[in-house]
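# Chain and residue survey
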Protein chains: 2
Amino acid sequence: MNKQPVIVLVAPGFEEVELVAPVDILRRLGIEVVLAGVSGLTVEGAHGICVRADMLLVDVEPEKYCGVILPGGQAAWTLRDTPAALALVREMHSAEKLVAAICAAPIVLEAAGVLSGRRVTSYPAPGVRDELTSVKCISEEQAVTDGHIITGRGPGAALDFGFALGAYLGCESRIAALKEEMCYPYTAG
Amino acid sequence: MNKQPVIVLVAPGFEEVELVAPVDILRRLGIEVVLAGVSGLTVEGAHGICVRADMLLVDVEPEKYCGVILPGGQAAWTLRDTPAALALVREMHSAEKLVAAICAAPIVLEAAGVLSGRRVTSYPAPGVRDELTSVKCISEEQAVTDGHIITGRGPGAALDFGFALGAYLGCESRIAALKEEMCYPYTAG
């Protein structure tokens, strides 16, 4: 199993469920997760829930992490306009490490130029979909894995997205048992 | 629609998804939600995510709220052993206001003596189920509403639990649209 931690980018207005569900799932699987605040260590989500980040984005050394995860919400537009976030996404992509985004956050991957020819999903709104101009196709599935690029549809797909991340990071054989442990009987489609 | 806020009790070791999903859903529906920390304003969850509470449990005036919601995780045992939490649950129950708990947290409702003759669900482990001695029956559904008592099964049922809370608090007609907005195609069963 992969031994490096995963970095999660936390910007103001992040969708709380889209942050918490993947982090919860990955930590249950024994994968280390580090929350990196984009503009501060205490960050308020889209629905007023404040979480504390472990470090700041400016202090992230990309070579120490096995991938990057981007929750959605208004945070996606902030991340898209943050050069350090785009640089981190590009660096992970160049190293063929995990690059994951859910809901509106695939627009950040598009802005970083890493979605060319990929099959992805995203939040199904024109304001998001219209930006995904370089992708091969947009799926209506809850979560889509295409190589090292994993995308999720929205807050209601956050657990599906988390399970896809865990499977990609070497824990596929444990996902069925984890879904049972977490009382999640649903199959993403 | 109900105009009073709902209180959510936040104790160390709370299941992050079980806190965040219901709060997110209720706030999307325009229902005010207040997070009350049991032993402090910054509280660390079961998987290391720290959230900031809005106030302390000792400062809660029950008559100003329309109900109380208890996330599960290790926090459930702390809440069960906190007299002020049990008193708040009893006061809400006496006023026939919403009393809700998910995962392990129904043990707090049992300790408060408010589950007698009720149909509930809970996390399906003996350490939880064995404590629910006064209930009428335990369902294997994701979320169960019996009068003003609403219970949920576990983290994978947190969205279902949230939708059940929203429906109970006067927003039933908006749940289908909200599930679509949140990309949640699943039906609790």
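Note that this is a predicted model, so its numbers are computed, not measured. (Residues numbered from 1 in each chain as written. Chains lettered and ligands numbered in written order. Predicted model: local features only at pLDDT ≥ 70, side-chain atom pairs only at ≥ 80, totals over all residues. Heavy atoms only, no water.)

### Brief notes about the pattern of salt bridges
Inspection of the entire model under this criterion finds 22 salt bridges over all chains. With its nearest N and O atoms 2.9 Å apart, the salt bridge here joins R28 of chain A to E181 of chain A. With a gap of 153 residues between them, R28 of chain A in helix α1 (residues 16-28) and E181 of chain A in helix α7 (residues 175-181) connect regions that are remote in the sequence. We classify E181 of chain A as partly exposed; its relative accessible area is 38%. Between R28 of chain B and D24 of chain B there is a salt bridge, with the nearest N and O atoms lying 2.5 Å from each other. Taken as a pair, R28 of chain B and D24 of chain B lie in helix α1 (residues 16-28) at a separation of four residues, close to a single helical turn. (Salt bridge = Lys/Arg side-chain N within 4 Å of Asp/Glu carboxyl O. Helix = DSSP H or I, 4+ residues; strand = E, 2+ residues; numbered from the N terminus. Buried < 20%, exposed > 50% of the residue type's maximum accessible area, 1.4 Å probe, protein only.)

### Let's talk about the layout of surface pockets
A water-sized probe, rolled over the atoms, reveals where empty space remains. Residue and element names in this part refer to chain B. Size it by volume and the largest pocket reaches roughly 200 Å³. Looking at the largest pocket, it is lined by 13 residues, and the ones nearest its centre are A143, D160, F163, A164 and A188. Residue assignment for the lining of the largest pocket shows that the elements contributing at least two residues are β10 (143-146), α6 (158-171) and α7 (175-181). No other element matches α6, which puts four residues into the lining of the largest pocket. (1 Å grid on protein atoms, 1.4 Å probe; cavity = no way out; pocket = protein on both sides within 12 Å on 5 of 7 lines; lining within 4 Å. Points joined across faces, edges and corners; volume = space filled by probe spheres on them.)

### Some details on the confidence of the model for chain A
Parts of the model with low pLDDT should not have their predicted coordinates read in detail. Of all residues in chain A, 98% have pLDDT values of 70 or greater, and the mean over the chain is 97. Here the predicted complex carries an ipTM of 0.96, next to a pTM of 0.97. (pLDDT = per-residue confidence, 0-100.)

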